[in-house]
Amino acid sequence: MGNIEAHDFAPVRADERKELNLSKKISYKQFCKHLKGEAHESMLTELPWGIRDSVSLYEKMNVSFNAISELPPELPLRLPHLSHIDLSYNRLQTLPESFGLLFHLRTLLLSNNVLRSLPESFVHLVKLECIDLSHNQLKELPDEMGNMEALSKLNVSNNKLKLLPLSLGASKTLTLLIANGNKLESPPQAICSEGSKETLHFLRKLYKVSIIDVPKRPSTPLNVFPRVRGNQLQSSVINPHSAQIQYIQEQTDTTNTPMRIKTPLLPPYGASELDAFQLRDRIIGVIYGAAIGDAIGVATRWMSPDECDFYYSKDSISYMDIVHDEHRVRWRKGDWTSNFDVFMLVMESVLSWGGVVDELDFAKKLRDWSKKGFPELGDSEGVVLSETVQKILKHKAFVEDPHGTAVRILTEELPVENGFDFSDTESLFDEDVWKQQPPRQANPDLRSFSTASVSVCDHFGTDNGAIIRTAILGVPFFHNLGEVTENAVRICRATHSDSRCVASCVVISVVIAMLLQGRQLEPKDILAQASKCGLQYLSDDELRDEMMTQINISDIGSLKTNESNRMSHTYKPLAAAMLALHTQDSYREFVMKLIHEAGDSNSNTCVAGAVLGGRVGYSHLPADWIQGLRKKQTNWLNTKINALLDMMGIP
């Protein structure tokens, strides 16, 4: 039936069959149709008879994104070992009474169905820990639901509930309860909309017990990059196979014109205090740090803190754990998003122009990507998440004059009463003009899909669409901070003219460059130099103070990633990256803390991941997050990285 592979459902050993995956892979257009009740012809309308006619030892079953309206009563008898079931995005109206016989069930995902009730046997699922019943039509829950022995996480948001069972207030295991989007009278909906903590506190107070402390859960080799060398120096040294010796000789041989053509980005001798292999490790760390930060960070994009805690562990997650919904359906699990796509557009421009950073070439690549993505990776379009970029791409003059077009779209957003003179070119970057912009919402007509998915800021043109791509500009000329700064400004202003965006892009690029220089500097010294380079683009004291306040944030909680109308502001990933510069946490520990703050999480982790990757190097990034990326994307990325290393003459 369309997406179903042939399965042998005969009884087998548990170590031979762990997961039954009948989930339907759908495009965003199919996703929208699915939400409207239009089932694709390849979707399942019932479980295959092979399951109903034999006993199988599967432990996990994923049948999400199908059109199943009922489950067979014999399911617990045919799949008795199930501990994880994902039936989200189907057409289920009820569950069979026999559902309570799934004695090993620990995780149950039933979001986005049309459930109106739950069977009485539901409360007898003694091992069930995590239940997602969001986006259904439930009017009530079983009275004894709070007595379920292992229940830890419960999501009943966006139903038609009027009451929550008082027994939930007596539960000694329940740590997270999401109940927003209902019509609750007890607890009052206003309290439930404040979050899990407030909801549980109210329920426990009703049950006349004090808040119960829930016990906390108890709490590899280095990565080796597959270096494939293209341009190699023909050496006459004693050990011609010593890549380190060849690299040093190549750096000092300034008269070797043919080799300079092959390695246009070769740094001068003494450009870095790192040896060739350390420098290579950090450069690859910048690129892969951004890639896996983006790919894992999308897991919590636009979620609330409660939803983050509901769906994910605080310690670590895998790409397979990422929830598939309207904010994530555009990307397959293990794939990076459009943030890293535009990062790679800048890198590709550098590669194609022999190290030259050119805004015209970047503008052309950006426009082409927006229409078809990276076809070699199976894309059909580029998903543009920045409202500013969406608007600039609509201008015919963009490719011929990106800087001028960026200024024009920014001034078009200024109210006429501000008296802006389009002919006064000296005031194009006057912060006093931009500060007069009133807080506003983005134009929904510009958005290509879900309005909640596009970057929106209180002031147009200040979103993070430029800073997410800028870290790579700290690599090619890392030994020359003036060149790094000019390149960052040039590529930022290709789409974002606001001086706050320019300054933040400069800071990130300079931080990366200084990490590659390998000087024995404290993070505060790197930050001081990078800030100095960025502040020169903010002539207004108020704006300078605003940026320094963000740069000097001391903890992740102060980021305010869910701040209204500023979740995608350019200063959010900037501040996150500065925390990454100072953190003593490992890459995994820091990124996990950051994504649990939600907001525009993958933008924040993409930028912060690049900085942290530049600090610790590719060899110390989480191996499972690297290996979990899609193989086609990884092979493509490795080819690009090897080409960049060749241009820099790095072994």
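Residues numbered from 1 in each chain as written. Predicted model: local features only at pLDDT ≥ 70, side-chain atom pairs only at ≥ 80, totals over all residues. Heavy atoms only, no water.

Considering the packing of aromatic side chains
Think of a pair of aromatic rings as described by two things: how far the centres are apart, and how the planes are tilted against each other in angle. Just so we agree on the cut-off: Here a pair means two rings of Phe, Tyr or Trp (six-membered ring of Trp) with centres within 6.5 Å. Their orientation is stacked below 30 degrees between planes, edge-to-face above 60, and tilted elsewhere. The helix count covers DSSP runs of H or I at least four residues long, the strand count covers runs of E at least two residues long, and both are numbered beginning at the N terminus. Burial here depends on accessible area, computed with a 1.4 Å probe over protein chains only, as a share of the maximum for the residue type. Under 20% is buried, over 50% is exposed, and the range in between is partly exposed. Criterion for a charge above a ring: Arg CZ or Lys NZ at most 6 Å from the ring centre, at most 35 degrees from the ring normal.
Under the counting rule described, the total for this entry stands at 13 aromatic pairs. Measuring from centroid to centroid gives 4.9 Å for Phe374 and Trp636, while their planes differ by 50 degrees, and the two rings are tilted. Here the residue Phe374 occupies a position in the loop between α11 (359-372) and α12 (387-392), and Trp636 occupies one in helix α23 (residues 631-647), the gap between them amounting to 262 residues. Of the two residues examined, Phe374 and Trp636, each falls in the buried class. Members of the aromatic cluster, joined through ring pairs, are Trp336, Phe340, Phe343, Phe374 and Trp636. Lys391 extends its terminal NZ or CZ atom over the ring of Phe460, reaching a point 5.3 Å from the ring centre.

Remarks on a positive patch on the surface
What counts, and what does not: Here a patch means residues that are over 30% exposed by relative accessible area and free of salt bridges, tied together within 9 Å if like-charged and within 5 Å if nonpolar (Val, Leu, Ile, Met, Phe, Trp, Tyr). We get accessible surface area from the Shrake-Rupley algorithm with a probe of 1.4 Å; when it comes to residues, only the shown protein chains can shield them. Each reported salt bridge corresponds to a side-chain nitrogen of Lys or Arg within 4 Å of a carboxyl oxygen of Asp or Glu. In this tally, Asp and Glu contribute negative charge and Lys and Arg positive charge; neither His nor the terminal groups of the chain are included. Throughout, a charge is located at the NZ atom of Lys, the CZ atom of Arg, the CG atom of Asp or the CD atom of Glu.
Taken together, the side chains of Arg116, Lys139, Lys160, Lys162 and Lys183 define a basic patch exposed on the protein surface. Mapped onto the elements, Lys160 comes out in the loop between β6 (153-155) and β7 (176-178). Looking at Lys160, the relative accessible area reads 38%, which means it is partly exposed.

Considerations on the confidence of the model for the protein chain
What counts is decided by this rule: A score from 0 to 100, pLDDT tells how confident the predictor is in each residue. Contact between two residues is taken to exist if any of their heavy atoms lie within 4.5 Å; hydrogens are not considered.
Summarising the model, the protein chain shows a mean pLDDT of 85, and 84% of its residues fall at 70 or more. Under a pLDDT of 50 for its full length, residues 1-14 has, in the predicted model, 32 contacts with residues more than four places off or in other chains.

Focus: the nonpolar core
Rules: We define the nonpolar core as a collection of buried residues of types Ala, Val, Leu, Ile, Met, Phe, Trp, Tyr and Cys that are connected through side-chain atoms lying within 4.5 Å of one another.
Of all hydrophobic cores here, the largest spans 130 residues; its most connected members are Ile283, Ile287, Tyr288, Leu637 and Leu644. Per-element tally for this core: the top contributor is helix α16 (residues 499-517), with 14 residues. In this view, Tyr288 contacts Phe225, Gly293, Tyr618, Leu621, Ile626, Leu629, Thr634, Leu637, Asn638 and Ile641; residues no more than four positions away in its chain are not counted. Ile85, Leu87, Leu133 and Met145 belong to the second-largest nonpolar core, a separate cluster that totals 47 residues.

Quick notes on the environment of Ser349
One can find Ser349 in helix α10 (residues 338-352). Judged by its relative accessible area of 4%, Ser349 falls in the buried class. Setting aside residues no more than four positions away along its own chain, Ser349 makes contact with Val356, Asp358, Asp361, Phe362 and Lys365.

Observations regarding α23
Under the convention used in this document: How far a helix is expected to stretch is found by multiplying one less than its residue total by 1.5 Å.
For α23, spanning 17 residues, the distance from its first C-alpha to its last is 24 Å, which sits close to the expected 24 Å at 1.5 Å a residue. The buried count for α23 comes to 12 of 17 residues, which makes it a mostly enclosed element. Restricting attention to buried positions, one finds in α23 the residues Gln633, Thr634, Trp636, Leu637, Asn638, Lys640, Ile641, Asn642, Leu644, Leu645, Asp646 and Met647.

Examining unusual backbone geometry
Following Ser186, the chain continues to Pro187 via a peptide bond in cis, the omega torsion being -5 degrees. Assignment of secondary structure puts Pro187 in the loop between β7 and α4 (189-192). With phi around 55 degrees, Asn112 is a residue other than glycine that occupies positive phi space. Along the polypeptide, Asn112 turns up in the loop between β4 (107-109) and β5 (130-132). Its identity is not glycine, yet Asn158 carries a phi of approximately 55 degrees, on the positive side.

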